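# Report on the structure
For reference, the chains in residue letters:
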Amino acid sequence: MQRFDLNQIAPSPWKNGGGSTREIACWPQGAGMDSFGWRVSVATIAQAGPFSAFPGIDRQIMLLDGDGVRLHSVQGQIEHALTDRWQPFAFSGDTALDCDLQGGPSSDFNVMTRRGQWSARLELLAGQAEAGLSAAGLCMVLQGSWKAADGRVLETGQGLWWSSTGAEPLVAQGEDARLILVSLTAHT
């Protein structure tokens, strides 16, 4: 289990100047955008503009905070308002998308998996969670705090990621505590 704190990850500005990304985890570690199997990040969208296309990649995006964005493709096959917090939206990275801000800047949670190699399932949890049951994955506290079996406490924006199975029970510290669990499955 690798622990992370989103506030300790430096943002990388986008080439088009429309936002920035903080990469939480990528597998294999150090892989570039052309060779990762899976990648999890948080992006800040500061202005309207194009999303990068990622051929061969399946994507899931979830609004964390802000007013959200409207995603749309030129050919009209995708039209989605990402305005409800913590509601994952899945789409193909093959499709080039544009986004329009629905107000001010927003931040979103992103999961990308290489089609045919990995798949991801996202779950919003309250109460308790079991990290590490999937071949690889990540959990991040969205609200409140969560306590691990060894007594460590994870606060909002903190979490764990793993690349091998090994259970780590987590218990919410309060009724309003929420956590996103990403379970990644390898395909052979």
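Placed above this text is the structure.
Residues numbered from 1 in each chain as written. Predicted model: local features only at pLDDT ≥ 70, side-chain atom pairs only at ≥ 80, totals over all residues. Heavy atoms only, no water.

### Overview of the sheet that holds strand 4 (residues 38-45)
Two strands in a sheet stick together by hydrogen bonds in their backbones, pointing the same way (parallel) or opposite ways (antiparallel). Spatially, the six strands line up as an open sheet ordered 2-3-4-11-6-9, and their pairing is antiparallel. If you trace the sheet from one side to the other, it starts and ends with strand 2 (12-13) and strand 9 (89-92), each paired once. Two strands pair when backbone bridges link them, and strand 3 (residues 19-27) and strand 4 are joined in this way by eight bridges, in the antiparallel orientation. Pairing of Ala25 across the sheet is with Val40, part of strand 4. (Pairing = 2+ DSSP bridges. Helix = DSSP H or I, 4+ residues; strand = E, 2+ residues; numbered from the N terminus.)

### Examining the nonpolar core
Ile24, Trp38, Leu64, Phe109, Leu138 and Met140 are the most contacted members of the largest nonpolar core, which has 23 residues in total. Those elements that place two or more of their residues in this core are strand 3, strand 4, strand 6 (57-66), strand 11 (106-114), strand 12 (118-125), strand 14 (136-143) and strand 19 (178-186). The element that contributes the greatest number of residues to this core is strand 14, accounting for four residues. Once you skip the residues sitting within four places of it in the chain, Trp38 turns out to touch Ala25, Cys26, Trp27, Met112, Thr113, Trp118, Ala136, Trp161, Trp162 and Leu184. By size, the runner-up hydrophobic cluster in this structure holds 15 residues, among which are Val141, Trp146, Leu154 and Ala172. (Core = buried A, V, L, I, M, F, W, Y, C linked by side-chain atoms within 4.5 Å. Buried < 20%, exposed > 50% of the residue type's maximum accessible area, 1.4 Å probe, protein only. Contact = heavy atoms within 4.5 Å.)

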